[in-house]
Amino acid sequence: MQRVKLDDIDRRILADLQKDGRMTNVELARRVGISAPPCLRRVRALEEAGYIRGYHADIAPELLGFGVTVFAMVGLENQSEADLNAFEDRVRNWPLVRECTMLAGEIDFVLKVVAKDWEAYQHFLTTELTAAPNVSHVKTSLGIRQSKYEPGVPVELAETPPV
C-alpha cells in the first residue's frame, strides 16, 4: 500500500464519498472543484493507499425482519494473544454479530448482535456465544432505539467551500 499525503481536495473526496459512496465521479469532481479525470485518479490512489476500504449499502434491518439489536459484553477466561485471536476468528463466522470490538478494562469484547426476535438472540447466546471456548461471562444490553448512526470518521477539512 502506497502512502498518500492528504491535501484539502483528498479530504473533501473522502468526506463526500463517506456521505454518498454512490455518487458519480463527475458529481464528486464537481463537488470538490476539479475535473473528472484527476478526481478519478485521486479516488483510485486513496483506494490503493487504504483510505477507502469499500463501498456498502446501508440496509434497514427491520425491513428484513431483524427487530432486535443487542450489545453483548463478553469476558474471556484467558487473554493471551492466541486466545484473543481464536475468539475473534470464531466471531467472524457468526452472521448475527455485526460488529466486534476489543476493549481495555473489565470487559474483553463488545459485540453488536442483530436478531429476528428475542428468542433468536437467546438461542444464539446459549448455543453459540456462551458455549464458545474461553468465554467466562456475557452481559447483555438490549438496544431500545438508535438516535445516531454515522459510520466512518469526521474528516477534518481545512476549508469547506459551498457546494
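Bear in mind the structure is a predicted one, so any value in this text is a computation, not a measurement.

Draft legend 1. Looking closely at the packing of helix H1 (residues 8-19) against helix H2 (residues 25-32). Two numbers describe how H1 lies on H2: the axes approach to 10 Å, and their chain directions differ by 130°. Classified by the angle between their axes, H1 and H2 sit oblique to one another. Seen from above, H1 lies across H2 with right-handed handedness. From H1, Ile 9, Arg 12, Ile 13, Asp 16 and Leu 17 reach across to H2, where they touch Leu 28, Arg 31 and Val 32.

Draft legend 2. Spatial organisation of the side chain of Glu 88. Take Glu 88: it is sitting in helix H4 (residues 81-92). Despite being buried, Glu 88 has no salt bridge partner; Arg 92 is the closest side chain of opposite charge, sitting 4.7 Å away. In this structure Glu 88 touches Met 102 and Phe 109, once residues within four positions along its chain are discounted.

Draft legend 3. Fine view of the pairing of strand S3 (residues 109-115). S3 sits mainly inside the fold: six of its seven residues count as buried. When strand S1 (residues 68-76) meets S3, the two strands line up antiparallel, connected through seven bridges. Counted as the bridge partner of Val 70 is Val 113 from S3. Taking the residues between adjacent antiparallel strands as the criterion, strand S2 (residues 97-102) and S3 are bridged by six residues, where Gly 105 takes a positive phi near 125°.

Draft legend 4. Structural context of the sheet that holds S3. Strand order in the open sheet formed by four strands is S2-S3-S1-S4, with antiparallel pairing between adjacent strands. Either end of the sheet is taken by a strand with one partner, and the two such strands are S2 and strand S4 (135-142). Pairs of neighbouring strands in the sheet enclose a mean axial angle of 20°, with direction left out of account. Direction of pairing for S2 relative to S3: antiparallel, over a ladder of five bridges. Bridged to Val 97 within S3 is Val 113.

Draft legend 5. Spotlight on the pattern of salt bridges. Going through the model one piece at a time under the given rule, you end up with eight salt bridges. Asp 16 is the partner of Arg 12 in a salt bridge, and the nearest nitrogen-oxygen pair spans 3.9 Å. With Arg 12 and Asp 16 both in helix H1 and four residues apart, this pair spans about one turn of that helix. Across the pair Glu 150 and Lys 148 runs a salt bridge whose closest N-O atoms are separated by 3.7 Å. Salt bridges sharing partners connect three or more residues here, namely Asp 7, Asp 10 and Arg 42.

Thresholds, definitions, all that
Residues numbered from 1 in each chain as written. Predicted model: local features only at pLDDT ≥ 70, side-chain atom pairs only at ≥ 80, totals over all residues. Heavy atoms only, no water. Axes fitted to C-alpha atoms, helices over the stretch in contact; angles between N-to-C directions. Helix = DSSP H or I, 4+ residues; strand = E, 2+ residues; numbered from the N terminus. Parallel < 35°, antiparallel > 145°, perpendicular 65-115°, else oblique. Left-handed = near helix turned anticlockwise from the far one by under 90°. Contact = heavy atoms within 4.5 Å. Buried < 20%, exposed > 50% of the residue type's maximum accessible area, 1.4 Å probe, protein only. Lys, Arg positive; Asp, Glu negative; His and termini not counted. Salt bridge = Lys/Arg side-chain N within 4 Å of Asp/Glu carboxyl O. Pairing = 2+ DSSP bridges.

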